[in-house]
Each structure stands twice: as structure tokens, then as C-alpha cells.
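Residue-level structure breakdown
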Amino acid sequence: MGPEVHYAVGAVDALDIGHHVFPTEKYGLVRDGLIHRLGVAASRIHSAHEIEDEDLERVHTPAYLRDLAAARRTWATESSEMPVEAEVIAAFRQMAGASKTTVELAARWGIGFHVGGGFHHAFPDHAEGFCYLHDMAIAVEWWRAEEGLDRVLFVDVDVHQGNGTAVIYAGDSETFTYSIHQQRNYPQKQRSDLDRGLEDGIGDGDYLEILSQDLDAIDAIFQPDLVCYVAGVDPHRDDILGGLGLSSEGLLRRDRLVLDRFGRRGIPIAVFLAGGYAPQPQLTAELHLQTARAAEEIAMQYGQLRSGPS
Ligand SMILES: [Zn+2]
């Protein structure tokens, strides 16, 4: 049987932080779009795994986890740019649980898609840039402990560098971190295994060519058992926090390029929404739904190839 896309949902309605540049409405909009517009059956939408303390302890430091557990305002929590409140932190735990589900779905079905997640600015010992917990590392390390997963590739196309991911996996030869981002933008850069810092307003053509070349270069040196696709849509030209100037069509081509490259080889892919700050949450949700549509197309294409006559 060919690959299928299965979805994980966690904290979609629970993460309510009121008027904030971080558009939590997008999660509900994406979920509803999957059901009502893409026709995704309920049997392909899964709820979040529980998060155990030991899951968090594989990635984050004891002191930081104590601050989070107490919702205590310290340098480590206040750097989140989010409310330091127990309900918000609980929502991040739930998101990390859905990332566990996503990695498991990827391993089982070919493509796991988290309607959320991608908090790549969380560090082992502190929060940063709307990110309390590094949900993806928590999920990957859980699956490694459970199932002995080996080589993991992060393909991070969010407009902001995956600085937390870079720090968490520095020196880990089983994990390759690739980030393609806008150079003159948040955050202060850390060192990924491959960083591609782009000029402002680069546009679709050059962007796609560079991305494709970088993935060729990674192919030559690293064969992953799982790809974590950090599919932020903030490179879009209308994004409030991004300045790479990609069109909606360019983002769709980007998603296809990444998903096709690994999907055609049958490498499990875990997709995370990550950033997206269009002026209207509806546009952000629309762009995330494009990623889901691209994933569905890839699953369909290779599902037919695999199950057809050969
Ligand atoms: Zn971002």
C-alpha cells in the first residue's frame, strides 16, 4: 500500500492568547479546511498523545522545566514573548503531544501532518520567539527512545532560522539540521549543519533554485530515516514578519519540491506548520492548507505508483 497523509491535532482551541501577533486562530481554520474543503475523513485525523515529564526531560533542562511547571516569570520563560500562564504552557505541552503523534503517523503511514507545532526557537534551557517547548525534538527523541529511530533530517523553510533546533542538535551526527531563511531577520543566528541565509525579497525563482541545490547537496551526504519538514509560510510576500517576497504559488512549489523529493523515495515525512503571520489569519490558514494539499497530492501520486502494475 502506498503512503497516506494522516493528521495530528492538539491544542487547536486551547491556545487562546487574545490579540497577539501570533495568530492562534489559524489552527482551527486549518483543521476546518482539512475537513470541509480537502474532504479529509475523520479516520485520518488523530488526537494528541499524552506528554510525560520524561519526554520533556530528553530535550529541556530541569531548571527550565521547573520554571514552566510553576508558570514562573524568569529570564528563561519571559523570553517567550508569550503570556507566562499555566494554560498557555499547558497548550504547548499538548502541541508537543501532537508532535509525538505526528512522528508516529509519519512512520506508520508515510506522511504525518501536525495542524500546529514547529516551535523551532525553543532552546534546551529557555523559551524564545513564541516557543516554550521544542515540540519536534521532543517527538523525535521520544520516537528514538521508543523505536530506535536513527537518522533525522530537519528541513526548515520557515522565514526565521531554526536556532533552537541548531543548538539542540549541535554535534549530533545522527541528526542533520538544514535551515533556509531570511538572513536579516530574527533570530540571532546559531549554527545549523547547513544554513542558507537569503537576501531580502529574493522571490520565487532564485529561492526555489537554491532550495533545490541545497537538498541535492544534503542528499549526497546524509540519508535520513525521517524528515521533519518545518513548513512555515512566513516567507510569503504579505507576511508581517517575513521579507523574502515569495508568492502563494511559489510557496506551493516549495512544498511540492520538498515533499516530492522525500515522498518518492518512501522516506517518512513529519510536517509541522511553524510560522505564518499574514495580515489576515484566513490567508495564513490558506497557505498552510496548500501544504496539506501538496502532501495529499504526493501521497496520491506515489500511492498509485506503488500499488499499480509494475
Ligand atoms: Zn517564522
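Further up the page is the structure itself.
Now for a look at the structure at hand. (Residues numbered from 1 in each chain as written. Predicted model: local features only at pLDDT ≥ 70, side-chain atom pairs only at ≥ 80, totals over all residues. Heavy atoms only, no water.)

**A closer look at the pattern of salt bridges**
- For the structure shown, the criterion picks out 21 salt bridges.
- Between Arg184 and Asp200 there is a salt bridge, with the nearest N and O atoms lying 3.7 Å from each other. Residue Arg184 is found in the loop between β5 (175–182) and β6 (194–198), and its partner Asp200 is found in the loop between β6 and α8 (204–221); the two are separated by 16 residues along the sequence.
- Take Asp200: its relative accessible area is 40%, and that puts it in the partly exposed class.
- Across the pair Asp219 and Arg261 runs a salt bridge, and its minimum N-O distance is 2.7 Å. With Asp219 in helix α8 and Arg261 in helix α9 (residues 248–263), the pair connects residues that are 42 residues apart, well separated along the chain.
- Bridged by salt links that share partners, the residues Glu54, Asp55, Arg58 and Lys100 form one connected network. (Salt bridge = Lys/Arg side-chain N within 4 Å of Asp/Glu carboxyl O. Helix = DSSP H or I, 4+ residues; strand = E, 2+ residues; numbered from the N terminus. Buried < 20%, exposed > 50% of the residue type's maximum accessible area, 1.4 Å probe, protein only.)

**Some words on the sheet that holds β5**
- The strand order across the open sheet built from 8 strands is β2-β1-β3-β8-β7-β4-β5-β6, with neighbouring strands paired in parallel fashion. Where the open sheet ends on each side, the last strands, each with one partner, are β2 (45–47) and β6. Geometrically, the sheet is characterised by an average inter-axis angle of 15 degrees between neighbouring strands, direction not taken into account.
- Seen against the sheet, helix α6 (residues 135–147) touches β3 (110–114), β4 (152–156), β5, β7 (226–230) and β8 (269–272) and runs at an angle of roughly 165 degrees to β4.
- Sheet contacts for α9: β4, β7 and β8; angle to β7, the most-contacted strand, approximately 175 degrees. (Pairing = 2+ DSSP bridges. Axes fitted to C-alpha atoms, helices over the stretch in contact; angles between N-to-C directions. Contact = heavy atoms within 4.5 Å.)

**A closer look at the packing of aromatic side chains**
- Taken as a whole, this structure holds 7 aromatic pairs when the rule is applied.
- When the centroid spacing of 5.2 Å and the interplanar angle of 45 degrees are considered together, the rings of Trp142 and Trp143 count as tilted.
- Residue classification places Trp142 among the buried residues on the basis of a relative accessible area of 8%.
- Each residue in the set Phe92, Phe119 and Tyr132 is aromatic and connected to the rest through ring pairs, giving one cluster.
- For Arg151, the ring lying beneath its charged end belongs to Phe222, and the centroid distance is 4.3 Å. (Phe/Tyr/Trp six-rings, centres within 6.5 Å; stacked < 30°, edge-to-face > 60°. Lys NZ or Arg CZ within 6 Å of the ring centre and 35° of its normal.)

**Focus on unusual backbone geometry**
- Omega for the bond connecting Tyr186 with Pro187 falls within 30 degrees of zero, at 0 degrees, which places this linkage in the cis form.
- With respect to the element layout, Pro187 can be found in the loop between β5 and β6.
- Not every positive phi belongs to a glycine, and Ala71 is a case in point at roughly 45 degrees.
- Non-glycine residue Glu81 carries a positive phi angle of around 60 degrees.
- Relative to the helices and strands, Glu81 resides in the loop between α4 (75–78) and α5 (86–109).
- With a relative accessible area of 46%, Glu81 lands in the partly exposed category.

**A word on the state of the cysteines**
- For the structure shown, the criterion picks out 0 disulfides.
- Distance from the sulfur of Cys228, which forms no disulfide, to the nearest cysteine sulfur (Cys131) is 15 Å. (Disulfide = S-S within 2.5 Å.)

**A look at the environment of Gln282**
- Positionally, Gln282 belongs in helix α10 (residues 281–307).
- Residue classification places Gln282 among the partly exposed positions, given a relative accessible area of 49%.
- C-alpha of Gln282 to C-alpha of Gly266: the two residues are 16 residues apart in sequence and 32 Å apart in space.

**Section: the coordination of the zinc ion**
- At 1.9 to 2.1 Å from the zinc ion lie its protein donor atoms, namely Asp158 (OD), His160 (ND1) and Asp234 (OD).
- The motif formed by the donor residues of the zinc ion, counted along the single chain, is D-x1-H-x73-D. With Asp158 in the loop between β4 and α7 (163–168) and Asp234 in the loop between β7 and α9, this residue pair connects regions lying 76 residues apart in the sequence. For the pair Asp158 and Asp234, a shared accessibility class is recorded, and that class is buried. (Donors = N, O, S within 2.8 Å, 3.2 Å for Na, K, Ca; no water.)

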